[in-house]
Amino acid sequence: MSELKKGQTIQTKGFKSVTVLERLGEGGQGIVYKVDFNGKPMALKWYFKSKLKNPEKFYDNIKNNIDHGKPTDAFLWPEDITEWVDGTFGYIMPLRPSQYGDFSKYLLAKSNFKSVRSLVNAALNIVEGFGALHRAGYNYQDLNDGNFFVNFETGDVLICDNDNVMGQGYSSGIAGKCRYMAPEVVLGKKPDKQTDRFSLAVVLFLLLLGNHPLEGKNTNPPCMTEELEKKYYGSDPVFIFDPINKDNSPIQGIHKSAIAKWPQYPQYIRDAFIKAFGSEQLRGQTPRLMEKEWLETFIRLRSEIIQCGCGIGHFADPTKGVSCKCGKRISIPAYLKFKKLNVPLYPTVNLYACHTISDSEDFKTVTAEVIVSKNNPGSIGVRNLSDITWYVTGADGKAIPKGKDEVVKIASGLTIDFGKNLTAEIVGN
Amino acid sequence: MDLLETVAIPRKTMVLFFLVDTSGSMMGSKIGEVNSAIEEVIPELKELSESNADAQIKIAVLEFSSGARWLTPERPIEAENFVWNDMDASGVTDLGDACKKLNEKLSTKAFMREATGSFAPAIFLLSDGGPTDEYQKGLEVLKQNNWFKKAIKVAVAIGSDADKSVLEEFTGSNEAVLEAHSPAMLRKMIKFVSVRASEVASKSANVDSGDDGGESKQDAFIDELNNFKVEAADSADDGGGDVW
Ligand SMILES: Nc1ncnc2c1ncn2[C@@H]1O[C@H](COP(=O)(O)OP(=O)(O)OP(=O)(O)O)[C@@H](O)[C@H]1O
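Conventions we followed
- Residues numbered from 1 in each chain as written.
- Chains lettered and ligands numbered in written order.
- Predicted model: local features only at pLDDT ≥ 70, side-chain atom pairs only at ≥ 80, totals over all residues.
- Heavy atoms only, no water.
- Helix = DSSP H or I, 4+ residues; strand = E, 2+ residues; numbered from the N terminus.
- Rg over C-alpha atoms; globule rule 2.2 N^0.38 Å.
- Buried < 20%, exposed > 50% of the residue type's maximum accessible area, 1.4 Å probe, protein only.
- Contact = heavy atoms within 4.5 Å.
- Areas by Shrake-Rupley, 256 points an atom, 1.4 Å probe, with all protein chains shown as cover.
- Axes fitted to C-alpha atoms, helices over the stretch in contact; angles between N-to-C directions.
- Left-handed = near helix turned anticlockwise from the far one by under 90°.
- Nonpolar A, V, L, I, M, F, W, Y, C, P; charged D, E, K, R; others polar.
- Buried area = accessible area lost by both parts, 1.4 Å probe.
- Polar contact = N/O pair within 3.5 Å; in protein donor to acceptor, adjacent residues only side chain to side chain.
- Pairing = 2+ DSSP bridges.
- Domains from an automatic or database assignment.
- Salt bridge = Lys/Arg side-chain N within 4 Å of Asp/Glu carboxyl O.
- Near = heavy atom within 4 Å.
- pLDDT = per-residue confidence, 0-100.
- Arc of directions from axis to C-beta.
- Disulfide = S-S within 2.5 Å.

Draft legend 1. Structural view of the overall build of chain B. A count of helical and extended segments in chain B gives seven helices and eight strands. The C-alpha atoms of chain B give 18 Å as radius of gyration, which agrees with the globular expectation for 244 residues (18 Å, within 12%). Dimensions of chain B along its principal axes, counting C-alpha atoms only, are 60 × 40 × 40 Å. Residues classed as buried in chain B amount to 58% of the 244 residues present. In chain B, once contacts between residues fewer than 6 apart in sequence are set aside, the share between residues at least 24 apart is 77%. Accessible surface, chain B as shown: approximately 9,400 Å² in total, 47% of it carbon and sulfur.

Below is the structure:
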């Protein structure tokens, strides 16, 4: 029996019971139901009988993942698994909250982010999720556009379909879609952490540019056969923005989004993608960009977002400012010069733990905000929102403490010491 | 276009072809069942197409009886916009003409003309009899067509009078032919084949598929069909028994 009936009750390994409430949707391998799991509404993925090549192994792997636990809350991770019923089974995971939509709907322009900030947040959240997954010793193996639920308001991301996730060294035997797989996997290699990172770069490119990184004028045959997919995504891949090899450039009128958006991203973002899809990386020879590198890149990108009064969001060079297409010139009075990045000091900009706390990768906790003085609109400052006391040093060399809620009035030449050897200088433009 | 503007990602197109026998013997419950089953499956195809970033699904319909006629003469119609018009049954079974007409449209100059390209189509043949025309010639030509070669091909034999060997010839395999002996079974098969063949055909190929050693989409779909046959046999008891 493959389909479950409403009201049907099944026992789980965890000695609980699930009762089928309604059907939510169907995928290639099974059906997802809303269920009552010991009084709590949850989702049950129920596999089609005989769709799994090695069901016992698959079952054990999910059980293993349940025992080891989820990498972070962003994963709709298996929480319990049912007993076998008629040669098949299912696992229980949290329901997708209603404010989350499908990533593929975004690719099809049916959903959109509320702001450039939420777009970049989504990139950060995806990278963070995969970093945590890999740190926990897992790899994802068949990452694709169907694996993400996105909150388009905030950029929060949930990662689903965690049934193929495997411990390092194991292979699920589940074949991913060519379009999303690392070229060496398309050619037959087992997926691992490095190949996951390639898929991650594909997803990030799709998210920011709206087109596939390997689909250009060379890869647009009248009939995309399986053999051609193997060629374009496996043996002969070429990045559409390869700086030297122009064979596979995007096509005007077709790859509109990538053509329009590529120049709008700062050079360091373009460089990151050029590196991620460089010919060496495409041949699986050089290590792929690590999550940490992506994280630093997107933290920098997010801190450069300046919203024009007209509503359009920009990535502004903190040292220069930006001209909006509405005609307005947005000038940035000053910026905070850190070792690896500059943060524009412009009202509405926030600093996060990843900026002000040494070695932190936390891009969610706000630790400071740029504000305009109530009495003097021409004067701006940085308010410390963290519990850590900063020390501000000016030309006189005197270090003045700035504790929680205190404001550093912006003046060129000041240095802020955030503690633990982390400092930044205020530079006027 | 600023950073927050979006246009739909260019997708491949996958055409699902329905080739329906509308000869006189289909009259009554058979054609009625085919009409309502296809009509009911359209919303599912629409949903599949709407959430599929790899390809959009289009539908083309060719009916054959005394001669063959396209119900979608201009071009395949997007699943989102497709409206099913009931077919009537009368006349003989000119499968050869259907092959000929299908061959004409399986070309980049006809139905397979897409700026962003296509995946190989899925071709679904439904028949309850045997050809009354010289079908071999039409089928031979069709079999040389590259689109046809790469397509997922599947047939349902409706009732025991259907000429299964011809359907095997058409699909290239006896495993790709299903037999329906009751309205309930026919309905189930139409739904299963339409949805699953479209799903397999409209997604980027799985990495273990393709020519060198692995499975083609047709093979992958045949695996599904075989599983379907096993499950259908298991649940045959509640089907109400054979009527055709
Ligand atoms: N935790 C969940 N809560 C709510 N809906 C879900 C949940 N997980 C999946 N769904 C929905 O159920 C449907 C099927 O999901 P599933 O993960 O099986 O699809 P898939 O990724 O296409 O398939 P597969 O992994 O089997 O190839 C989808 O429409 C999805 O939106």
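Draft legend 2. Seen up close, the packing of helix H5 (residues 193–209) of chain A against helix H8 (residues 267–276) of chain A. All names here are of chain A. The contact between H5 and H8 brings their axes to 10 Å, and the two run at 145 degrees. Handedness of the H5/H8 crossing: left-handed. Within the contact between the two elements, H5 uses Phe 198, Ala 201, Leu 204, Phe 205, Leu 208 and Leu 209 and H8 uses Ile 269, Phe 273 and Ala 276. Of the residues in the contact of H5 with H8, the class split is nine nonpolar, no polar and no charged.

Draft legend 3. How the structure looks around the interface of chain B and chain A. Chain B puts 44 residues into the contact, and the matching count from chain A is 57 residues. With both chains or domains summed, chain B and chain A bury close to 4,300 Å², and 54% of this area falls on carbon and sulfur atoms. By the criterion of area lost to chain A, the three top residues of chain B are Leu3(B), Leu4(B) and Val207(B), representing 19% of everything that side buries. Taken together, the connections running from chain B to chain A amount to 19 residue pairs in polar contact (both at pLDDT 80 or more). Going through the elements one at a time, strand S5 (118–119), helix H4 (146–150) and helix H7 (217–234) of chain B are the ones with two or more residues in the side of chain B that touches chain A. For the side of chain B that touches chain A, the per-class residue count stands at 14 nonpolar, 13 polar and 17 charged. Bridge count for strand S12 (residues 223–224) of chain A against S5(B) is two bridges, and the pairing is parallel. Across the sheet, residue Cys223(A) finds its bridge partner in S5(B), namely Ser118(B).

Draft legend 4. Spatial organisation of the domain arrangement of chain A. Residue and element names in this part refer to chain A. Segmentation of chain A into domains returns domain 1 (9–93), domain 2 (101–295) and domain 3 (331–428). Computed from C-alpha coordinates alone, the two centres of domain 1 and domain 2 are separated by 28 Å. Across the contact, 19 residues belong to domain 1 and 17 residues belong to domain 2. Buried surface at the junction of domain 1 and domain 2, summed over both partners, amounts to about 1,500 Å²; 58% is from carbon and sulfur atoms. Looking only at domain 1, the three residues that lose the most surface to domain 2 are Ala 74, Phe 75 and Leu 76, adding up to 33% of its buried area. Remark: the boundary between domain 1 and domain 2 carries one salt bridge. Where domain 1 packs against domain 2, one counts seven residue pairs in polar contact (both at pLDDT 80 or more). Counting only elements with at least two residues in the side of domain 1 that touches domain 2, the list comes to strand S4 (40–47) and helix H1 (55–68). Among the elements that take part in the side of domain 1 that touches domain 2, H1 stands out by supplying six residues, more than any other. Counted by class, the side of domain 1 that touches domain 2 contains ten nonpolar, six polar and three charged residues.

Draft legend 5. Up close: the site of the ligand. Residues and elements named next belong to chain A. The immediate surroundings of the ligand are formed by 17 residues, with Gln 29, Lys 45, Pro 94, Arg 96 and Asp 161 found nearest. Here Arg 96 contributes a side-chain N or O atom positioned 2.8 Å from an oxygen atom of the ligand. Note that an oxygen atom of the ligand is positioned 2.8 Å from one of the side-chain N or O atoms of Asp 161. Protein coverage of the free-state accessible area of the ligand, which is 630 Å², stands at 78%. Residue assignment for the shell around the ligand shows that the elements contributing at least two residues are strand S2 (17–26), strand S3 (30–37) and S4. Broken down by element, the shell around the ligand gets its largest block of residues, three residues, from S2. Residue composition of the shell around the ligand, by class: eight nonpolar, five polar and four charged.

Draft legend 6. Representation of the sheet that holds strand S24 (residues 407–409) of chain A. All names here are of chain A. The antiparallel open sheet is built from four strands, whose spatial order is S19-S20-S21-S24. Of all the strands in the sheet, the pair left with one neighbour each is strand S19 (350–352) and S24. Sheet twist, expressed as the average angle between the axes of neighbouring strands with direction ignored, equals 20 degrees. Direction of pairing for strand S20 (residues 366–372) relative to strand S21 (residues 380–384): antiparallel, over a ladder of five bridges.

Draft legend 7. Geometry of the confidence of the model for chain B. The share of residues in chain B with pLDDT of 70 or more is 95%, and the mean pLDDT across the chain is 93. Note on residues 209–213 of chain B: pLDDT under 50 across the span, and ten contacts to partners over four residues away in sequence or across chains.

Draft legend 8. Expanded view of the environment of Glu361(A). Residues and elements named next belong to chain A. Along the polypeptide, Glu 361 turns up in the loop between helix H11 (353–356) and S20. Given the relative accessible area of 29%, Glu 361 is considered partly exposed. When the C-alpha positions of Glu 361 and Leu 385 are compared, they lie 17 Å apart, and in sequence the two are 24 residues distant. With near-sequence residues (within four places) excluded, Glu 361 lies in contact with Arg 135, Lys 292, Leu 295 and Cys 354.

Draft legend 9. Focus on helix H5 (residues 164–171) of chain B. Residues and elements named next belong to chain B. All buried positions along H5 are accounted for by Val 166, Leu 167, Phe 170 and Thr 171. Each buried residue of H5 sits inside an arc of 130 degrees when the element is viewed along its axis, so together they form one side. Just downstream of H5, Gly 172 is the residue with a positive phi angle, here 85 degrees.

Draft legend 10. Inspection of the state of the cysteines at higher detail. One pass over the structure, following the stated rule, counts zero disulfides over all chains. Cysteine Cys99(B) remains unbridged, with the sulfur of Cys223(A) as its closest cysteine sulfur at 19 Å. According to the relative accessible area criterion, Cys99(B) is buried, its value standing at 1%.

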